[in-house]
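Letter by letter, the chains look like this.
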Amino acid sequence: MKKILLLLLAVMAINEVDAQVVFGRDQANPSGGVSINYSSPKEYEIADIEVRGVQFLDNNALISLSGLRVGDKIKVPGDEITTAIKKLWNQGIIGNVTIFASKVEGDKIWLVIELTERPRLTKYTIEGVNKTKKGEIEDKVGLIRGKVLTDVVIKNTELAVTKYMESKGYLNAKVRVVQQNDTILRNSAYLKITIDKGQKVKIRNIRFEGNDEFTSAKLRSKLKGTGMVPKFSLPTEIIETTAKLAWPPNMVKFIKGSKKVSKEEFREYLATHVNLNFFKSAKFVKEDYETDKDALIGFYNSKGFRDAEIVYDSIYDISNKYMNINIKVDEGNKYYFRNIAWSGNYIYTDEQLQRILGIEKGDVYDLDLVNKKLNFNPNGADISSLYMDDGYLFFNINPVEVGVSQDSIDLELRIYEGAQATIDKVVISGNDKTNDHVILRELRTRPGDKFSRAELIRTQRELSQLGYFDPEQVNPVPVPDPVNETVDIEWQLVERSNDQIELSGGWGGAFGFVGTFGVTFNNFSVRNITKPEHWRGLPVGDGQSLSLRFQANGRNFQSYSFSFVEPWLGGRKPNSFGLSFSKSIQRSINRVTNETLGWLKVTGISASLGRRVRWPDDFFTVSTGISYQRYDLFQFNSRSLGFSTGDANSITFNTTFARNSINQPMYPQNGSSISLSASFTPPYSLWRDLDYENASAGERYKWLEYHKWNFDSKYFLTLTGKLVLSARAHFGYLGTYTSKTDVGPFERFQLGGSGLTGQNFLLGTDVVGLRGYPDNSITPFDTDTNIEGGTLFNKYVMELRYPISLAQSATIYALTFVEGGNNWDRFSEFNPYNIKKAAGVGLRIFMPAFGLMGIDWAYGFDRVPGTFDNAGPQFHFSIGQQIR
């Protein structure tokens with residue numbers, strides 16, 4: 001009986017792998033064979049191993065996977081063959097496998113592994129969902145052509161699709177994955193994925209039990225992923241009116257007897273007792289629900305209920321579309337801090353550490369707050385920063401509850417200060433184009449320095465600001481060595497191209513079609529121009545900026561500009577040098593004779609020097625410069641200049657004080673930027689022998705005399721996640737030194753529209769955008785002097801921004817905004833409260849090759865000057881980063 005049982009088990013072991021061991025009979029040639037005595041096992045040496053039936057797989061790899069080797073000695077019959085079959089089968093790529101002996105000579109045996117491969121995937125189809133969901137499912141399942149189709153692959157595909165549908169709220173979705181043979185390709189198959197979505201299941205209500213300290217509505221608000229959000233806020237004044245509606249008797253009774261009920265209580269009653277859809281139902285996602293339960297306990301813990309727990313929760317369907325959730329909580333006791341003791345601290349006193357901790361005896365017990373104040377506090381100082389900014393990288397602190405008495409807890413904060421860590425090696429990786437010295441000069445974490453977490457974060461910001469690397473992937477990796485009390489820092493970077501090319505054409509009003517070609521190289525290298533062997537397509541890598549731009553419309557209009565910036569003049573200190581040159585001409589041409597009737601020629605050159613300063617802090621920069629601008633007019637009739645023939649010269653000395661702590665340029669999430677710039681011309685009226693009161697406009701403006709001020713401020717704050725608040729304010733003023741001179745026609749302000757300069761740069765005009773109003777529509781005109789443009793403007797902006805993509809290839813974000821501003825001809829007319837208001841939405845797209853592009857829809861609420869109607873809805877297109 002035992003022998004029979006053992007024989008059955010042996011047969012089952014072989015059948016389990018759906019394979020067979022055959023000796024003495026070739027399956028392809030059943031009449032042939034080798035005589036094997038199964039009753040007397042014999043040891044053979046493997047003389048050769050042959051693989052048959054393979055189409056895609058490698059023969060040698062299969063032999064290696066089987067575990068059989070030429071020269072090995074095996075018993076026939078024996079366990080070696082069965083084990084080889086199991087090993088091959090377990091790979092999941094074999095449909096059937098047979099091992100037989102093709103020849104036996106003496107103690108040598110020739111083996112043949114005959115197998116059939118599993119089919120490979122040629123394609124797959126998805127039915128039952130829309131195109132968007134198909135694309136998302138394709139990303140989830142990860143099926144690729146040529147993949148071996150195993151049972152595991154098919155099952156995992158079904159699970160992945162089911163999980164995706166559940167994440168979209170389709171808890172009852174039915175998914176079928178069917179394998180069908182491909183009639184065209186041999187040993188191939190395709191999958192047909194059929195989805196029956198069913199009804200999307202939403203949460204109708206969440207009921208709580210055991211919550212004495214907090215209302216159910218309050219607890220629901222903590223379930224961010226599964227909680228229900230009120231569709232509107234219900235004023236108490238309408239409660240009495242609702243009693244007149246045909247609602248259930250218990251509802252009417254509740255309302256009639258509770259005219260002074262609070263909104264919170266009324267909302268609570270509606271959610272608990274009345275099946276009315278006052279609340280937006282949320283789809284149920286299991287992962288979100290589990291996270292929300294942890295968040296619920298976290299909320300209780302933050303309020304002092306350290307022992308709070310969820311006793312049980314139940315989820316049940318009330319229809320094929322809705323479900324309810326019941327949660328019972330045990331709140332436990334509310335605890336408070338009593339005694340807080342410090343141990344192990346020698347560098348800082350208990351008093352210094354306690355001031356940073358900011359928790360006093362009698363405060364509500366909140367261990368999460370303690371950990372935030374100890375390790376990382378994004379909203380202020382923490383103990384860890386105090387130590388790590390002074391080199392104590394190996395610092396560690398552990399809060400321990402040392403006593404619990406009734407409702408009070410004693411806490412001991414145990415500190416291990418360790419030794420100060422010195423930076424040993426700094427390694428840079430990922431900079432294929434940018435030269436090492438460009439990165440090294442920005443580092444604040446240099447070999448030999450003490451480690452500082454603050455300097456690590458600051459360096460991360462500085463590298464992000466360069467624009468040569470993806471800000472989301474500037475990654476510092478400290479590698480501490482406690483034995484030697486050192487730390488190595490590897491800066492992992494991912495380069496992105498930020499060179500830009502501009503090739504465009506557009507309608508330029510009176511100019512007709514205007515073509516534009518421009519290139520900007522933001523990581524240029526002048527020294528490598530003559531060294532082609534160092535080029536990477538172009539001479540790049542030294543962090544210099546070179547820009548060339550050309551605009552033209554035949555003879556009517558032409559403009560050329562060139563600019564160059566070296567951010568580290570001399571290479572040793574962050575002293576920048578800039579140089580620019582521009583030349584433009586605008587002609588009036590007789591359309592019949594093609595004769596030039598008049599022109600305006602503008603030539604300009606400027607040079608500047610800038611440096612970083614350490615006071616008031618090291619975010620400040622100061623730059624100074626000098627510029628010369630010449631305006632040459634000949635019979636140029638313009639509504640805005642006040643004269644038509646003559647020349648005007650402007651020599652200005654420019655100074656700018658700025659502070660910039662923005663974390664990254666393309667999608668700032670925190671920090672601020674403040675700039676105050678001033679331009680001064682020499683006071684020519686002090687020594688010019690000219691009667692300004694009776695002189696012509698051409699004589700008065702031959703040497704322009706003015707002072708000009710601009711103030712710009714931007715502030716960015718992350719509200720939650722990646723939602724960012726941006727607040728901006730801008731002011732500008734153009735004035736004269738004495739009353740006997742007037743502000744000329746140049747360098748004035750125009751307000752309104754997208755803020756694109758167009759041809760206004762010919763006059764040195766500052767074009768300030770104001771969405772919701774036509775371009776340059778808020779621009780005063782002085783009928784006495786025949787000059788257009790304001791001398792004083794202000795502008796305020798509030799934006800909410802949310803990123804759609806922060807990928808290296810493109811940064812895309814949506815925004816909504818309110819803004820207002822105005823423009824005045826004289827200081828006496830200035831009224832900061834008299835502003836033109838607007839609101840709207842927009843989209844910004846930044847691509848390294850083309851720069852920043854944007855579109856906005858805005859509604860102007862106030863009247864456009866010179867009209868009787870409000871501005872109303874407006875569309876605006878923008879190119880480039882607008883300063884104001």
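First, a word on what this report is: a plain description of the structure on this page. (Residues numbered from 1 in each chain as written. Predicted model: local features only at pLDDT ≥ 70, side-chain atom pairs only at ≥ 80, totals over all residues. Heavy atoms only, no water.)

1. Comments concerning the overall build of the protein
For step 1, the next point in the chain: Within the protein, the secondary structure is distributed over 16 helices and 40 strands.
For step 2, the next point in the chain: Taken over 884 residues, the protein has a buried fraction of 44%.
For step 3, the next point in the chain: Counting only contacts in the protein whose residues sit at least 6 apart along the sequence, the fraction spanning at least 24 positions is 61%.
For step 4, the next point in the chain: Summing over all exposed atoms, the protein offers an accessible surface of approximately 46000 Å²; the carbon and sulfur share of this is 53%. (Helix = DSSP H or I, 4+ residues; strand = E, 2+ residues; numbered from the N terminus. Buried < 20%, exposed > 50% of the residue type's maximum accessible area, 1.4 Å probe, protein only. Contact = heavy atoms within 4.5 Å. Areas by Shrake-Rupley, 256 points an atom, 1.4 Å probe, with all protein chains shown as cover.)

2. Details of the sheet that holds strand S7 (residues 174–181)
For step 1, the next point in the chain: Read across the sheet, three strands follow the order S6-S8-S7 without closing on themselves; strand pairing throughout is mixed. Either end of the sheet is taken by a strand with one partner, and the two such strands are strand S6 (120–127) and S7. Neighbour-to-neighbour, the strand axes of the sheet open up by a mean angle of 20°, direction not taken into account.
For step 2, the next point in the chain: Its contacts with the sheet place helix H4 (residues 131–141) against S6 and strand S8 (188–196), and it is angled at close to 145° to S6.
For step 3, the next point in the chain: Across the sheet, helix H5 (residues 151–167) lies against S7 and S8, angled at about 150° from S7, the strand it touches most. (Pairing = 2+ DSSP bridges. Axes fitted to C-alpha atoms, helices over the stretch in contact; angles between N-to-C directions.)

3. Points about the nonpolar core
For step 1, the next point in the chain: Residues Tyr631, Leu633, Phe643, Tyr701, Leu704, Phe746 and Tyr773 are the most contacted members of the largest nonpolar core, which totals 26 residues.
For step 2, the next point in the chain: Elements with a minimum of two residues in this core: strand S26 (596–613), strand S27 (620–634) and strand S32 (749–751).
For step 3, the next point in the chain: Residue contacts for Tyr701: discarding those within four places in its chain leaves Leu641, Phe643, Asp647, Ala648, Asn649, Asp742, Val743, Gly744, Pro745 and Ile787. (Core = buried A, V, L, I, M, F, W, Y, C linked by side-chain atoms within 4.5 Å.)

4. Brief notes about the pairing of strand S39 (residues 851–863)
For a regular strand, side-chain orientation follows a simple rule: the groups alternate between the two sheet faces.
For step 1, the next point in the chain: The pairing of strand S38 (residues 836–847) with S39 spans 10 bridges and is antiparallel. Of the residues in S39, the one forming a bridge with Ala838 is Gly860.
For step 2, the next point in the chain: As judged from the nine bridges shared by S39 and strand S40 (residues 870–879), these two strands associate in the antiparallel manner. Bridge assignment links Ile855 to a residue of S40, and that residue is Phe877.

5. A word on the packing of aromatic side chains
For any two aromatic rings, the description comes down to two numbers: the centre-to-centre distance and the angle of the planes.
For step 1, the next point in the chain: For the structure shown, the criterion picks out 25 aromatic pairs.
For step 2, the next point in the chain: Ring geometry for Tyr684 versus Trp703: centroids 5.5 Å apart, planes at 40°, classification tilted. Of the two residues, Tyr684 sits in the loop between strand S29 (671–680) and helix H16 (697–700) while Trp703 sits in the loop between H16 and strand S30 (707–720), which places them 19 residues apart along the sequence.
For step 3, the next point in the chain: A residue is classified by how much of its surface remains accessible, and Tyr684, at 8% relative accessible area, is buried.
For step 4, the next point in the chain: A residue is classified by how much of its surface remains accessible, and Trp703, at 30% relative accessible area, is partly exposed.
For step 5, the next point in the chain: In this structure an aromatic cluster arises from ring pairing among Phe214, Phe299, Tyr300 and Phe305.
For step 6, the next point in the chain: A cation over a ring is seen here: Lys103 above Trp110, with NZ or CZ 4.2 Å from the ring centre.
For step 7, the next point in the chain: The lysine or arginine in question, Lys123, covers the ring of Tyr190, its NZ or CZ lying 5.4 Å from the ring centre. (Phe/Tyr/Trp six-rings, centres within 6.5 Å; stacked < 30°, edge-to-face > 60°. Lys NZ or Arg CZ within 6 Å of the ring centre and 35° of its normal.)

6. A look at helix H2 (residues 59–66)
For step 1, the next point in the chain: Residues Leu62, Ile63 and Ser66 constitute the buried set of H2. Taken end-on, H2 shows its buried residues confined to a sector of 100°, consistent with a single buried face.
For step 2, the next point in the chain: Backbone geometry just after H2 places Gly67 at a positive phi near 90°. (Arc of directions from axis to C-beta.)

7. With respect to the packing of H4 against H5
For step 1, the next point in the chain: One way to put it is that H4 packs onto H5 with a least axis distance of 9 Å and a crossing angle of 135°. Classed by the angle they form, the pair H4 and H5 counts as oblique. Two packed elements cross with a definite hand, and for H4 against H5 that hand is right-handed. Facing Lys133, Glu136, Ile137, Lys140 and Val141 of H4, the residues of H5 in contact are Thr157, Ala160, Val161 and Tyr164.
For step 2, the next point in the chain: By residue class, the composition of the contact of H4 with H5 is five nonpolar, one polar and three charged. (Parallel < 35°, antiparallel > 145°, perpendicular 65-115°, else oblique. Left-handed = near helix turned anticlockwise from the far one by under 90°. Nonpolar A, V, L, I, M, F, W, Y, C, P; charged D, E, K, R; others polar.)

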